[in-house]
Amino acid sequence: MRMGIKFKLLIIAFVVATVVFFVYYYIFTTTRGLFDEYNERIAINYFTTIEQEIKNKLNNYKNEALLLTSFDEVKEFAKIKENLEKNIDSELQPELEAKLNEDLEKIEKIFFAFVDNEEDFMQARLIDKQGDEVVRVGRDDRDTRPYIFGEEELQSKSDRYYFQKSINLNKGEVYVSELDLNVEEAEVEMPYKPVIRFATPIIDSADRIQGVVVINVFADKILDFIRLSPYEHTYLMDQDGYFIFHPTDVSKEWGKSLGLDIRWHGIKDDPDYFDDYFKTSKFVRDSKYDKRSPVGFYYRFNYSITEPERYWVLAIEEDYNTYFSGYLDTRDRLLLQSGVFMLMMFLIFLLLSLRLLRPIKQISKSVEYLNLGRYDISIPVTSRDEFGEFAKKMNELITNIRVRDREKYEFIASASHQLRTPATVVRTYTDLLTEEMSRAKNKKKFMPYIEEISRGNKQVLAIMNDFLQYIELSDNYLATNLEKVNARKLTEEMIGSFEDEIKSKKLKVQVDVPSKIIINVDLGRFKVILDNLIDNAIEYSNDRGEIIISAGKVDNYIQFEIADQGIGIANKDKPFIFDKFYRARNAYAKKNIGTGLGLVISKIIIKGHGGKIWYESKKGKGTTFYFTILNV
């Protein structure tokens, strides 16, 4: 059964498509971006859950603080304070003070029951508007019962930030302090007791603040949300970058309370770092995809309504290898499986391609021989498919080329013999006649005619040479008979052949070709290039002009430049300069006879040396021709 090329290509396409599909599937299923997105969603869910739980806890504490201000005894305290201010010099003063003391005793009992009933409460205090504690109930830790502080144990809190912030709040507002360590008598209490305070004002009937109620809450349960994190490293920091919770080094915690400048990642050099970091988003992912750097997720949430500029930052950081362990394991496993699969596909594709490409290689090799001028070849016909048909057609083409090539060279040989012989005879006898006439008495009369005959004969020979060269080169010339030549010596030699023309026009010729440049060329053909371009530069130069010939190495090429200061090329002629038999209009004024093949022949020879030719010209200013050959 004959298998056509189309069916074979379908097999290859199927194999390639299968490989591409599995590679794409591998990339899709193991891409790090999708892995990151998944982990980001998990992290955000964790952050939002923790934020909600903490805020719920804080809201409960806020409500408890507001509840304390709603008791009749606390309201009575505000009323008595208001009356004392109104009757400061009145006889009612002693009676009001006695009633105030009685009311404070009731408040102490309420605060005691309040703290005793809630294990999270560390202290409940009533502070007057001067900042002095008038009621204080507290306990040392969760497991002990509270006690009422005596009058001698009460302290002034007027300098404490939470008092100064809460004394100016409106009714119903609650100030939430920073989460820090409990301080007694201006010293951090030992052992450390993390605490957060909730303060709300006591308002009298005239809407004046008579004091504040403050609840100190053990912050352990808030920190427990962080301690129980499923992540390897979870941090809690304040808006200034101080650690509230550190997973591995407790000595870095509570830097703000202890006066230690230990903050996250050297943040002390940039106090606005977090504000800049979270300027556009409350969630930030930070990963450099560097095994030396951790992968981090950072989440900002505000906990204070009265001071929104205060917030906490919850951070998760994991070691690169730990974070990507699942990804890396999956990737390695799929990579191994895909590698085995791709190897199998490669072997199958290789076997098919060897079978399919064998005739293509044979045809390609035959074309290379044709380019070299070898027409004594035949392509083997090894199959009955389209390649076999193509090989047959190529063999027919080669046979036709071989016949035409033989006919062309027979014509060239015959033309060379038939045309060169009479032209040479004319030249020989013209030279003899010139010599004889030089001794004749009337030479001035006949000598111009003889010189004109000689010049015309030379031009005829030049035209014949152009035609013969073009015929020889027209079939994709490729330089094969190469020899190494010194570029400068060859250039000087070619200039020497134009010595009479140069002297006649009084031209200055400058050669800027380094003596160390060696070119590997088909010498006879290469001389044709220089002969044509130098001849044109001389012919189209104005008298006393200058011609500059230079060369140098450019990448993998040797580049020649031949510049004149002659008549130039008009813009309308430029597109046709390399067309066969075309001569620019202003060229006729300088050179009456020419084939228009010089640049065409030069271009063919240059291309055969692996190079190209181009030019720059401005009418009336001159022309520069550039050409390159491979630096072999």
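Q: Could you give me a rundown of the pattern of salt bridges, with the residues and numbers involved?
A: Under the defined criterion, the tally for this structure stands at 25 salt bridges. The salt bridge involving Asp120 is made with Lys57; its shortest N-O contact spans 3.7 Å. Placement of Asp120 in the loop between helix H4 (93-117) and strand S1 (121-128) and of Lys57 in helix H2 (residues 32-70) is noted, with a sequence separation of 63 residues between them. Accessibility expressed as a relative area gives 22% for Lys57, which makes it partly exposed. Arg145 serves as the salt-bridge partner of Asp116, at 2.7 Å between the closest nitrogen and oxygen. Taken as a pair, Asp116 in helix H4 and Arg145 in the loop between strand S2 (133-138) and strand S3 (147-148) lie far apart in primary sequence, 29 residues in all. Within the structure, one salt-bridge network assembled from shared partners comprises Lys57, Glu119, Asp120, Arg142 and Lys221.

Q: Report on helix H13 (residues 487-496), specifying residues and quantitative values.
A: Here H13 has its buried residues at Ala487, Leu490, Thr491, Met494 and Ile495. Each buried residue of H13 sits inside an arc of 135 degrees when the element is viewed along its axis, so together they form one side. The N-terminus of H13 is capped by Asn486, whose side-chain oxygen sits 3.0 Å from the backbone nitrogen of Arg488.

Q: I'd like a description of the packing of aromatic side chains, backed by residues and values.
A: As enumerated under the stated definition, the model contains 20 aromatic pairs in all. Between Phe283 and Phe297, the aromatic rings sit 6.0 Å apart at their centres with planes inclined by 20 degrees, giving stacked as the arrangement. Linking Phe283 in strand S12 (residues 283-286) with Phe297 in strand S13 (residues 295-302), this pair joins segments that are 14 residues apart in sequence. The exposure class of Phe297 is buried, given its relative accessible area of 3%. The rings of Tyr46, Phe47, Tyr231, Phe283, Phe297, Tyr299, Phe301, Tyr303 and Trp312 are connected pair by pair, giving a single aromatic cluster.

Q: Explain empty space enclosed by the protein to me, using residue names and the numbers behind them.
A: Here the structure, examined in full by the defined rule, presents 1 cavity of 30 Å³ or more. Every residue lining the largest cavity is listed: Gln123, Arg125, Arg136, Lys157, Arg160, Tyr162, Asn182, Val183, Glu184, Arg197 and Asn216. If you list the elements that add at least two residues to the lining of the largest cavity, you get S1 and strand S6 (183-184). Residue composition of the lining of the largest cavity, by class: 2 nonpolar, 3 polar and 6 charged.

Q: How would you sum up a nonpolar patch on the surface? Please name residues and give values.
A: A surface patch of nonpolar side chains, about 260 Å² in accessible area, is lined by Tyr557, Leu630 and Val632. Summarising the element assignment, Tyr557 is placed in strand S19 (residues 557-563).

About the thresholds
Residues numbered from 1 in each chain as written. Predicted model: local features only at pLDDT ≥ 70, side-chain atom pairs only at ≥ 80, totals over all residues. Heavy atoms only, no water. Salt bridge = Lys/Arg side-chain N within 4 Å of Asp/Glu carboxyl O. Helix = DSSP H or I, 4+ residues; strand = E, 2+ residues; numbered from the N terminus. Buried < 20%, exposed > 50% of the residue type's maximum accessible area, 1.4 Å probe, protein only. Arc of directions from axis to C-beta. Polar contact = N/O pair within 3.5 Å; in protein donor to acceptor, adjacent residues only side chain to side chain. Phe/Tyr/Trp six-rings, centres within 6.5 Å; stacked < 30°, edge-to-face > 60°. 1 Å grid on protein atoms, 1.4 Å probe; cavity = no way out; pocket = protein on both sides within 12 Å on 5 of 7 lines; lining within 4 Å. Points joined across faces, edges and corners; volume = space filled by probe spheres on them. Nonpolar A, V, L, I, M, F, W, Y, C, P; charged D, E, K, R; others polar. Patch = residues over 30% accessible without salt bridge, like charges linked within 9 Å, V, L, I, M, F, W, Y side chains within 5 Å. Areas by Shrake-Rupley, 256 points an atom, 1.4 Å probe, with all protein chains shown as cover.

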